[in-house]
Amino acid sequence: RAEDGYGLWLRYAPLEGEALERLARFDPEIRINDHAGYIDPTLAAAADELARGIVSLLGDRAKARPSGNGIIEVACEGMMDMNPERFIVTPFREAGRRGLRITGGDYGACIYGAFGLLRELSLGHDPASITLDEAPAMPLRMLNHWDNPDGHVERGYAGRSIFDWWHLPDRLDQRMIDYARANASIGINGVAVNNVNARAFMLEPDYIAKLARLADAWRPYGIRVFLSARFSAPVDICGLATADPLDPAVAAWWQAKADEIYAAIPDFGGFLVKANSEGQPGPQDYGRSHADGANMLAAALGDRGTVIWRAFVYSADDETDRAMQAYNEFVPLDGQFADNVIVQVKNGPVDFQPREPFHPMFGAMPNTHLMLEAQVTKEYLGFASHLAFLAPMWEEVLDADTGHGGTVVRTVAQVVAPVGMAGVANTGSDRNWTGSDFDQANWYAFGRLAWNPQLSSDQIAREWAAQTFSRDPQFLGAAVPMMLESREAVVDYMTPLGLAHQMATGHHYGPGPWVCDLPRPEWNPCYYSRADAEGIGFDRSATGSNALGQYASAIAARWSDPETIDPALLLWFHHVGWNHQMRSGRTLWEELVWHYDRGAAKVDTMAETWSTLSEYVDEERFRAVSEMLAIQQREARWWRDASLAYWQSVNGLSLPAGAEPPA
Ligand code: GCW
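Residues numbered from 1 in each chain as written. Predicted model: local features only at pLDDT ≥ 70, side-chain atom pairs only at ≥ 80, totals over all residues. Heavy atoms only, no water.

Trainee: Kindly report on the domain arrangement of the protein chain, identifying the contributing residues and their values.
Mentor: Each assigned domain of the protein chain is listed with its residue range as follows: domain 1 (8-134), domain 2 (140-468) and domain 3 (493-538 + 575-651). The C-alpha centroid of domain 2 is placed 32 Å from the C-alpha centroid of domain 1. Across the boundary between the two partners, domain 1 contributes 19 residues, which contact 26 residues of domain 2. Both faces combined, the contact of domain 1 with domain 2 buries some 2,000 Å², and carbon together with sulfur accounts for 58% of it. By the criterion of area lost to domain 2, the three top residues of domain 1 are Leu8, Trp9 and Arg119, representing 41% of everything that side buries. For the pair domain 1 and domain 2, the interface holds 3 salt bridges. (Domains from an automatic or database assignment. Contact = heavy atoms within 4.5 Å. Buried area = accessible area lost by both parts, 1.4 Å probe. Salt bridge = Lys/Arg side-chain N within 4 Å of Asp/Glu carboxyl O.)

Next comes the structure, spelled out in C-alpha cells:
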C-alpha cells in the first residue's frame with residue numbers, strides 16, 4: 001500500500017547505506033513496562049508502532065531479527081509532575097547494551113515519544129545520538145471534519161467520508177486505526193467527527209453508540225472525540241417547543257444529553273457549534289447572545305468537557321463590511337464566556353482565502369479562550385487538483401504580530417498557545433486519503449505546527465517529503481523549494497496583491513471576478529474587488545468601512561497608508577487607482593499582470609522540477625503528481641487570462657509590453 005499513498009508519511013521505507021547499517025547494529029528489542037501483567041493500551045500501541053516501523057526501516061535486514069543488540073524501553077510513568085503530553089527520549093546503557101528510553105508525563109506521552117523517535121529513525125538519524133525532549137505548545141490540536149453522516153464531505157475533495165456510520169458500531173474499519181496512527185504521529189489529540197453544519201440526529205442514542213466505538217478505538221492514540229452539535233437539537237429531535245438557551249427545559253435537555261454521552265464516552269471532548277451563521281440555528285433566534293448559548297452548553301458539560309463556539313458569523317442583511325461582523329458580535333462579549341468555552345476564530349476575517357490578513361479578534365479578547373481555525377482542505381486554493389503547501393500560510397498567521405502586546409510583539413501563536421488550533425480536515429476515502437499526494441503534506445503540516453508553531457515551513461516540508469517520497473538529498477533539494485513556493489503561486493494566479501474571494505459561485509473552483517448578481521452582496525466577487533474604471537480594491541481604511549479600526553493601533557497605522565502597507569495586503573485594505581505607482585516602479589495594473597504571470601510561470605517551474613524526479617518516486621505516485629501538475633498549469637492560465645480579461649473590460653487598459661498573451 002505504500003505506492004498508492006495509503007501509508008502517508010508513515011511508510012517507513014527501508015533505510016539505505018550508513019543509516020541502515022547503524023539501525024541494523026542497534027536492532028533493538030522493544031520493552032514495555034507492565035503492571036503485574038497489565039499493559040496499558042497506549043503503551044502497547046506505542047510498542048507496536050515501534051516494532052512495525054523498525055522492521056520496515058530495516059527492510060531485508062529485518063530477517064535476521066532480533067539481534068537484541070539494543071533496547072528501546074517504553075516507560076512513561078513516574079514523572080507525574082510533568083506536562084502529561086511531554087516526552088523525553090534518552091540513551092542508557094545496560095550490561096553493555098545500548099538503549100533508548102521513552103519516558104513521559106503520562107502514558108499518552110509515550111505514543112508521541114514513539115512517533116517522535118520513529119521520525120528521527122525514518123529521517124536516517126543515528127539511533128546512538130537521538131535525544132528528544134518535547135512538549136506540545138498548545139493543549140488542543142484538533143481536526144474538524146466537515147463530514148456528513150450520509151458520507152458526503154462538505155468542501156471535501158478526497159472522496160467520501162472516512163467514517164462508516166452505517167456499519168458502526170459493529171464494524172470498525174481498519175482505516176480508523178490508521179487514521180488515529182497518522183494523527184498521533186503529528187500530535188493531533190482531538191477530532192470533531194461531523195460537519196459544523198450539523199444534523200441533530202447525530203446526538204441520538206444510536207449515534208452515541210457509534211461514536212463510542214470510535215472513541216474506544218482512538219483512546220490509545222490520545223485522541224478525544226468531539227461532536228458538532230446543532231443548536232436546535234432539542235426542538236429537532238425531541239419536540240421541545242424552543243431551543244432558547246435561557247429556558248430551563250432546554251438547559252435540562254442538554255444536561256441530560258451530556259450525561260448520556262459521558263456514560264458512553266467518559267472522556268468525550270465536548271461540542272463544536274456553528275450558530276447563527278449561514279442559516280444555522282443559534283441563540284440569536286431567541287434574542288440571546290453567543291455567550292448565552294455557549295454558556296448553557298458549557299454548564300451541561302461541566303468540568304468534563306469543552307464547548308468550542310465558532311466565530312465565523314456574518315449576516316445577509318447587514319450593510320457592514322462582512323470582514324467586520326465577527327469582531328463586532330464577539331468582542332463586546334469578552335469576559336462573558338464560561339471557562340470551559342473556547343471561541344474558535346478563522347485565520348482571517350473573511351473565509352480561508354489564499355491570503356488574508358490575520359483576524360482582528362486575535363489579541364482583542366484577552367478574557368476569552370481563543371483558538372485558531374485553519375482550513376486544511378483547499379476550498380479556495382484549487383481543491384486537491386492544485387499543489388499548494390499551506391505551512392507558509394499558517395506560519396504567516398501564527399507569526400503575525402497582533403499589536404496587542406504594547407511595546408512587545410504579541411503574535412497570533414502566543415494568543416492561541418494556551419488554547420489550541422483546529423484544522424478543517426482534508427481526508428476522504430481516496431486511497432491516498434487526501435485526494436492528491438501533496439495534500440497529505442497539509443495534514444502533516446497542520447499537526448506539526450499545532451505541536452510546535454516555531455517549526456519552519458522548510459523543516460516541515462523537508463521531513464514530510466523525506467518520509468513520504470525519498471530521503472535522497474537531490475530529491476529534497478528540488479521538491480522542498482517547490483513546495484515552499486507553491487502557495488504563493490496560487491495567490492499570484494488567483495488573488496494577487498490582497499484581492500480575495502474571486503472564485504466562481506458556490507463551489508469556489510475557478511475564476512469568477514465578473515460575478516455581481518448574487519442575491520446576497522457579500523457572496524459576489526465584485527463586492528470584494530470593488531473594481532471600477534478608476535481602480536480596484538476594498539477601501540477598509542477610515543475613508544471606507546474602517547475595518548482597519550478593528551486592529552491594534554500600531555498595526556492599523558502601518559496598514560492605513562497604501563504606501564507603507566505590505567503590497568501583499570494592499571487591495572484588501574485600499575481602493576487603488578490602476579495607475580498608482582508601486583514601489584516596484586510598476587503601476588498597479590502592471591504589477592497585477594506581473595503577479596498573474598509569475599503565478600502561472602511558477603507552476604510551469606514546479607511541473608518542470610517534478611519531471612526531473614522520476615527516479616526517486618514510484619511510478620504510480622510520480623504519474624499522479626505529474627498529471628495533477630499539468631491540470632494546474634492549464635488552470636493557472638485559466639485563472640490569469642480570465643481575471644485579466646475581466647479587469648481589462650473594466651479598466652480599458654491593454655496588457656503591458658512583455659506580458660504573456662493569453663493562450
Ligand atoms: O468556508 C465556508 C464554506 C462553507 C462552510 C463555512 C463555515 C461548513 O464555504 O462550506 O460551512 O465556511 O466555515 O462554516
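Here the narrative resumes.
Trainee: Summarise helix α2 (residues 41-58); cite the residues concerned and give the values.
Mentor: With 18 residues, α2 should reach 26 Å at 1.5 Å per residue; the first-to-last C-alpha distance of 26 Å fits that figure. Among all positions in α2, only Thr42, Leu43, Ala45, Ala46, Ala47, Glu49, Leu50, Gly53, Ile54, Leu57 and Leu58 are buried. Here the buried face of α2 lies against α1 (17-26), β1 (28-32), β2 (70-74), β4 (97-104), α3 (107-122) and α4 (174-185). For α2, the side-chain oxygen to backbone nitrogen distance between the N-cap and Thr42 is 2.8 Å, and the N-cap itself is Asp40. Looking one or two residues past α2, Gly59 carries a phi angle of roughly 55°, positive in sign. (Helix = DSSP H or I, 4+ residues; strand = E, 2+ residues; numbered from the N terminus. Expected span 1.5 Å × (residues − 1). Buried < 20%, exposed > 50% of the residue type's maximum accessible area, 1.4 Å probe, protein only. Polar contact = N/O pair within 3.5 Å; in protein donor to acceptor, adjacent residues only side chain to side chain.)

Trainee: Describe the sheet that holds strand β3 (residues 87-94), with residues and values.
Mentor: Across the sheet, which stays open at both edges, the 5 strands sit in the order β1-β2-β4-β3-β5 with mixed pairing between neighbours. Looking at strand neighbours, the two that pair on one side only are β1 and β5 (132-134), the edges of this open sheet. With direction set aside, neighbouring strand axes in the sheet form an average angle of 20°. Where β1 meets β2, 5 bridges bridge the pair, whose relative direction is parallel. Counted as the bridge partner of Arg31 is Glu73 from β2. (Pairing = 2+ DSSP bridges. Axes fitted to C-alpha atoms, helices over the stretch in contact; angles between N-to-C directions.)

Trainee: Tell me what's going on with the environment of Ala128, and back it up with residues and numbers.
Mentor: Structurally, Ala128 is set in the loop between α3 and β5. Considering only alpha carbons, one finds Ala128 and Tyr207, 79 residues apart in sequence, at a separation of 48 Å.

Trainee: Give a detailed account of the packing of helix α18 (residues 588-611) against helix α19 (residues 619-651), specifying residues and quantitative values.
Mentor: Their axes nearest at 9 Å, the elements α18 and α19 cross at an angle of 170°. Considering the angle they form, α18 stands roughly antiparallel to α19. Partitioned by chemical class, the residues of the contact of α18 with α19 number 14 nonpolar, 7 polar and 5 charged. (Parallel < 35°, antiparallel > 145°, perpendicular 65-115°, else oblique. Nonpolar A, V, L, I, M, F, W, Y, C, P; charged D, E, K, R; others polar.)

Trainee: I'd like a description of the nonpolar core, backed by residues and values.
Mentor: Where a protein is soluble and globular, its nonpolar side chains tend to be buried together. Membership of the largest hydrophobic core comes to 217 residues, with the highest contact counts inside it found for Trp218, Trp254 and Trp610. Look past the residues within four positions of Trp254 in its chain and what remains in contact with it is Leu203, Ala229, Arg230, Phe231, Ala233, Pro234, Phe271, Met296, Leu297 and Ala300. (Core = buried A, V, L, I, M, F, W, Y, C linked by side-chain atoms within 4.5 Å.)

Trainee: Hey, could you go over unusual backbone geometry for me, with residue numbers and the actual values?
Mentor: Put simply, Leu168 and Pro169 share a cis peptide bond, and its omega is 0°. You can see Pro169 is positioned in the loop between β6 (140-144) and α4. For Leu497, which is not glycine, the phi torsion reads 60° and is therefore positive. One can find Leu497 in the loop between α14 (473-494) and α15 (525-529). The buried category is assigned to Leu497, whose relative accessible area is 5%.

Trainee: Tell me about the sheet that holds strand β8 (residues 224-228), and name the residues and values.
Mentor: Taken together, the 8 strands give a closed barrel; going around it, the order is β6-β7-β8-β9-β10-β11-β12-β13, and neighbouring strands pair in parallel fashion. In this sheet, neighbouring strand axes are inclined to one another by 25° on average, regardless of whether the strands run parallel or antiparallel. Relative to the sheet, helix α8 (residues 290-301) contacts β9 (270-273), β10 (306-310) and β11 (341-346), its axis offset from that of β10 by approximately 160°.

Trainee: Break down helix α13 (residues 457-468) for me, with residues and values.
Mentor: Along its 12 residues, α13 runs 16 Å from first to last C-alpha, staying within 8% of the 16 Å computed at 1.5 Å per residue. Judged by how many residues are buried, α13 sits mostly within the fold: 9 of 12 residues are covered. When α13 is considered as a whole, its buried residues turn out to be Ser457, Ile460, Ala461, Glu463, Trp464, Ala465, Ala466, Gln467 and Thr468. For α13, the elements touching its buried residues are α3, α10 (391-399), α12 (440-451), α14 and α19.

Trainee: Tell me about the side chain of Gln375, and name the residues and values.
Mentor: Note on placement: Gln375 falls in strand β12 (residues 369-375). Using a relative accessible area of 4% as the deciding quantity, one classes Gln375 as buried. Within the structure, Gln375 has its side chain in polar contact with the side chain of Glu379 (distance 2.8 Å). Ignoring anything within four residues of it in the chain, the contact list for Gln375 reads Trp146, Phe352, Tyr380, Leu390, Trp394 and Val424.

Trainee: Tell me about the side chain of Glu85, residues and numbers included.
Mentor: Among the structural elements, Glu85 can be located in the loop between β2 and β3. A residue is classified by how much of its surface remains accessible, and Glu85, at 17% relative accessible area, is buried. Here the side chain of Glu85 touches Arg141 through a polar contact of 2.8 Å, side chain to side chain. Looking at Glu85, its side chain comes within polar contact range of the side chain of Asn189, at 3.2 Å.

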